[in-house]
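Each chain, written out:
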Amino acid sequence: MLRDITLGQYYPVDSVIHRLDPRTKLAGTFVFLVSLFVTKSIYGYVLATVFLAAVIMMSRVPVKFITKGLKAIVVLLIISVSFNIFLTEGTPIFTLGPLKATWEGLQTAGFMGIRLIYLVVGSSILTLTTTPNQLTGGLEKSMGFLRKIKVPVHEIAMMMSIALRFIPILVEETDKIMKAQTARGADFETGGLVKKAKAMIPLLVPLFISAFRRASDLAMAMEARCYHGGAGRTKMKPLKYHKRDFIAYVILLLYLAAMIVIKK
Amino acid sequence: MIEARNLTHIYNEGTAMESCAFTDISFTINKGEFIGLIGHTGSGKSTLIQHLNGLMRPTAGTVYFEGEDIFADKYDLRALRGKVGMVFQYPEYQLFDETVLLDVMFGPLNMGLSKDEARERALSALRLSGLSEDKFESSPFELSGGQKRRAAIAGVLSMEPEVLILDEPAAGLDPGGRNEILELVANLRKERNITIILVSHSMDDVAKYADRIMVLNKGRLAFFDEPRAVFSHVEELEEMGLAAPQMTYLAQKLNKAGISVDPAISTVEEAKAEILKAFNVK
Ligand SMILES: Nc1ncnc2c1ncn2[C@@H]1O[C@H](COP(=O)(O)OP(=O)(O)OP(=O)(O)O)[C@@H](O)[C@H]1O
Ligand SMILES: [Mg+2]
């Protein structure tokens, strides 16, 4: 029932993108997201589309699987797009009561929508092709310099990797509890807002209890294995750049440069 | 009463994580029967039973309840769930309400019964479950593991289902607790003539209670027959990572040692009778 949430999920196939160093992918995602906000021209969006499509193709993750993640932001998308269409000043297309749709609004709304979609797709590619462990390993390493100003990088990375690891577990747990309550005649779908909110209680209470139980079990298990934070901790598989990473960085730089050039 | 026809379920169809839980399973379960469902871990038991009350949709095939296709468009699945009760593995994790009694009333209330009726049913289900009366008004989270399990089972019993499906109801309990839960299930059938489908890992438990045993192996229905018939396939069962009941092994050993007993016995009572017979004790 809830398996549509792809954010934070890993898609296990072997591809060039999967094999890239997580730091490269982090940088790539960052550059891509920034580039979306740099550009204001159609050509910029065309280039971004080509770039994204190429990466998706190389990642060998089915498009159907990636777009499933968009379901989660449909509401947000509709709201922000309609706000833009109706609240931007300019040449009117039609009026709807006190609301006035404008050409300029339509244009901004279009770009805005594309931006949002690409944002979500771009970041899902990162998580779909990188295991949570690699991802936090990459983050920890790239942000290592912050340790000099006393930012607990390792601890943050550890918390993040645990959080990411827990998303699918909690989704699964939710699914289980939902089924168990459905078997007892609970109804999560029909009814008004109040009824729906009330129907969530039999789901949320057991879910929270189990989340806390899992968290405390995990803490116990980590302590039992002498976990004591980042100091002196070594990696079983230290991150290492390969040739493909340098190629990826060059492509990224070229892409970013092109985006800046056709900014207007 | 329940009939499965060519059921197939594939998880995550069309993605890289595609995995087939079971293929082409057909069977018929009659009213009042006690069915034991057994299989190695991952053989598809939990997935299969969730199709029988419409919690999961099959990839292919369908399920008939009293002659009606439960996956047909107009079929009232909620009403079905009142008739086919399901106790999940570790059901204690679904408790949520302030008191045990309120929690057990959740099912009947969802079925549209009045508060008083729901209360009546909840009380009778709780008594049947063997939980002591002084716990009815306490918070479900203050109970011990075994007590929680009883409360959760009562939560399904209070809907007074005609068919009760239990997924390893005795998992994680001590031997005493195991027997009590299984006796409770056996009693239910005697007292209320409920059809029971019991999923279990233990051949000994299943042998003791079931009229017929369904064996799943790697997503296929390997056997569906009376215990004696199933246990005559000791070698095949072992190949599936299962074992015959201990008494069946005992019978084999006795036969090898030259004491001739029925090789298909499966429970302690049968073994006792056979051995006494073999030694001519009256
Ligand atoms: N949510 C899921 N997504 C994908 N595959 C699943 C899912 N649940 C189960 N499976 C797969 O389906 C198969 C059958 O699982 P199922 O839980 O039905 O087995 P089981 O017989 O109940 O096992 P156990 O005795 O361990 O409870 C397994 O191979 C499992 O990997
Ligand atoms: Mg199971």
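Residues numbered from 1 in each chain as written. Chains lettered and ligands numbered in written order. Predicted model: local features only at pLDDT ≥ 70, side-chain atom pairs only at ≥ 80, totals over all residues.

Considerations on the overall build of chain B
Within chain B, the regular secondary structure consists of 11 helices and 10 strands. Over its C-alpha atoms, taken along the principal directions, chain B stretches across nearly 65 × 50 × 35 Å. Here the contacts in chain B between residues at least 6 apart in sequence split such that 61% fall between residues at least 24 apart. (Helix = DSSP H or I, 4+ residues; strand = E, 2+ residues; numbered from the N terminus. Contact = placed C-beta atoms within 7 Å.)

Structural notes on the overall build of chain A
Check the secondary structure of chain A and you find 11 helices and 2 strands. When the elements of chain A are put in sequence order from the N terminus, they spell out α-α-α-α-α-β-β-α-α-α-α-α-α. By principal-axis analysis of the C-alpha atoms, chain A measures approximately 65 × 55 × 40 Å. When each of the 264 residues of chain A is scored for burial, the buried share is 22%. Within chain A, residue pairs in contact and separated by at least 24 positions form 74% of the contacts whose partners lie at least 6 positions apart. (Buried ≥ 20, exposed ≤ 12 C-beta atoms within 10 Å, placed from the backbone.)

So, the sheet that holds strand S4 (residues 60-65) of chain B
Remark on secondary structure: sheet strands pair via backbone hydrogen bonds, oriented parallel or antiparallel. Residues and elements named next belong to chain B. Taken in spatial order, the 4 strands line up as S2-S1-S4-S5 in an open sheet, and their pairing is antiparallel. The open sheet terminates on both sides in strands that have one partner only, identified here as strand S2 (19-29) and strand S5 (68-69). Bridge analysis of S4 against S5 gives 2 bridges, and the strand direction is antiparallel. In the sheet register, tyrosine 64 faces S5, and the bridge partner there is aspartate 69. (Pairing = 2+ DSSP bridges.)

Points about the site of ligand 1
Residue and element names in this part refer to chain B. Around ligand 1 lies a shell formed by Tyr11, Asn12, Ser19, Ala21, Gly39, Thr41, Gly42, Ser43, Gly44, Lys45, Ser46 and Thr47. When contributions to the shell around ligand 1 are tallied by element, the ones reaching two or more residues are S2 and helix H1 (45-49). Residue contributions to the shell around ligand 1 peak at 3 residues, all from H1. Taken together, the residues of the shell around ligand 1 break down into 2 nonpolar, 9 polar and 1 charged. (Near = placed C-beta within 6 Å. Nonpolar A, V, L, I, M, F, W, Y, C, P; charged D, E, K, R; others polar.)

Here we look at the packing of helix H2 (residues 22-38) of chain A against helix H6 (residues 103-129) of chain A
Residue and element names in this part refer to chain A. The geometry of H2 relative to H6 is characterised by a closest axis approach of 10 Å and an angle of 180° between their N-to-C directions. By the angle class used here, H2 and H6 are roughly antiparallel. Note on element contacts: H6 touches H2 through Arg115, Tyr118, Leu119, Gly122, Ser123, Leu126 and Thr129, opposite Lys25, Thr29, Phe32, Leu33 and Leu36. Along the lines of polarity and charge, the residues of the contact of H2 with H6 split into 6 nonpolar, 4 polar and 2 charged. (Axes fitted to C-alpha atoms, helices over the stretch in contact; angles between N-to-C directions. Parallel < 35°, antiparallel > 145°, perpendicular 65-115°, else oblique.)

Some remarks on the interface of chain A and chain B
Each side of the interface is counted separately: chain A has 20 residues, and chain B has 23 residues. At the level of elements, helix H8 (153-183) and helix H10 (201-224) of chain A are the ones that each hand at least two residues to the side of chain A that touches chain B. With 6 residues, H8(A) is the largest single contributor of residues to the side of chain A that touches chain B. Across the side of chain A that touches chain B, the residue classes break down as 13 nonpolar, 4 polar and 3 charged.

A closer look at the sheet that holds strand S10 (residues 220-225) of chain B
All names here are of chain B. Read across the open sheet, the 6 strands follow the order S6-S7-S8-S3-S9-S10; overall the sheet is mixed. Pairing within the sheet leaves two strands with one partner each, and these edge strands are strand S6 (84-87) and S10. Sheet twist, expressed as the mean angle between neighbouring strand axes with direction ignored, is 15°. Across 5 bridges, strand S7 (residues 163-167) lies against strand S8 (residues 195-200) in parallel orientation. Residue pairing for S8: isoleucine 165 is matched across the bridge by isoleucine 197.

Digging into the confidence of the model for chain B
Atom-level detail of predicted coordinates should not be read off regions where pLDDT is low. All names here are of chain B. On average, residues of chain B score 90 in pLDDT, and 100% of them are at 70 or above. Ranking the helices and strands of chain B by mean pLDDT puts S7 first, with 95, and helix H7 (residues 203-209) last, with 86. Our summary of model confidence lists the complex with pTM equal to 0.78 and ipTM equal to 0.87. (pLDDT = per-residue confidence, 0-100.)

Here we look at the nonpolar core
Membership of the largest hydrophobic core comes to 71 residues, with the highest contact counts inside it found for B:Ile35, B:Val104, B:Ile165 and B:Leu198. Setting aside residues up to four positions removed in sequence, B:Ile35 forms contacts with B:Ile29, B:Ile196, B:Ile197, B:Leu198, B:Ala210, B:Arg212 and B:Met214. By size, the runner-up hydrophobic cluster in this structure holds 13 residues, among which are A:Tyr11, A:Leu20, A:Phe32 and A:Leu126. (Core = buried A, V, L, I, M, F, W, Y, C linked by C-beta atoms within 7 Å.)

Let's talk about the pairing of strand S1 (residues 2-11) of chain B
Residue and element names in this part refer to chain B. Here S1 runs beside S2; their pairing, made up of 7 bridges, is antiparallel. The residue of S2 that forms the bridge with glutamate 3 is threonine 28. As judged from the 5 bridges shared by S1 and S4, these two strands associate in the antiparallel manner. The residue bridging isoleucine 2 from the neighbouring strand is phenylalanine 65, located in S4.

Topic: the environment of A:Leu218
Residues and elements named next belong to chain A. Within the secondary structure, leucine 218 sits in helix H10. Residue class for leucine 218 comes out partly exposed when judged on the 13 C-beta atoms lying within 10 Å of it. In this structure the C-alpha to C-alpha distance between leucine 218 and glycine 232, which are 14 residues apart in sequence, comes to 21 Å.

Description of the environment of B:Glu180
The topology assignment puts B:Glu180 in helix H6 (residues 175-192). For B:Glu180 and B:Gly130, which are 50 residues apart along the polypeptide, the C-alpha to C-alpha distance reads 8.9 Å.

What about the packing of helix H3 (residues 100-110) of chain B against helix H5 (residues 145-157) of chain B?
Axes are the key here: two packed helices are described by the angle between their axes and the distance separating the axes. Residues and elements named next belong to chain B. Across the interface, H3 lies against H5 with an axial gap of 7 Å and an inter-helix angle of 35°. As for the relative orientation of H3 and H5, their crossing is right-handed in sense. Contacts between H3 and H5 involve Val100, Asp103, Val104, Phe106 and Gly107 from the former and Ala151, Ala154, Gly155 and Val156 from the latter. When the residues that make up the contact of H3 with H5 are grouped by side-chain class, the tally is 6 nonpolar, 2 polar and 1 charged. (Left-handed = near helix turned anticlockwise from the far one by under 90°.)

Description of the pairing of S10(B)
Residues and elements named next belong to chain B. Across 5 bridges, strand S9 (residues 212-217) lies against S10 in antiparallel orientation. Bridge pairing links leucine 216 to leucine 221 in S10. Joining the antiparallel neighbours S9 and S10 is a turn of 2 residues, in which lysine 218 adopts a positive phi near 45°.

A look at helix H4 (residues 115-129) of chain B
All names here are of chain B. Here H4 is 15 residues long and its end C-alpha atoms lie 21 Å apart, about the 21 Å a rise of 1.5 Å per residue gives. Regarding H4, the residues found buried are Ala118, Arg121, Ala122, Ala125, Leu126 and Ser129. Seen along its axis, H4 keeps its buried residues to an arc of 135°; they face one direction. Elements that come into contact with the buried residues of H4 comprise H3, H5 and H6. Phi turns positive one or two residues past the end of H4, at glycine 130, with a value near 85°. (Expected span 1.5 Å × (residues − 1). Arc of directions from axis to C-beta.)

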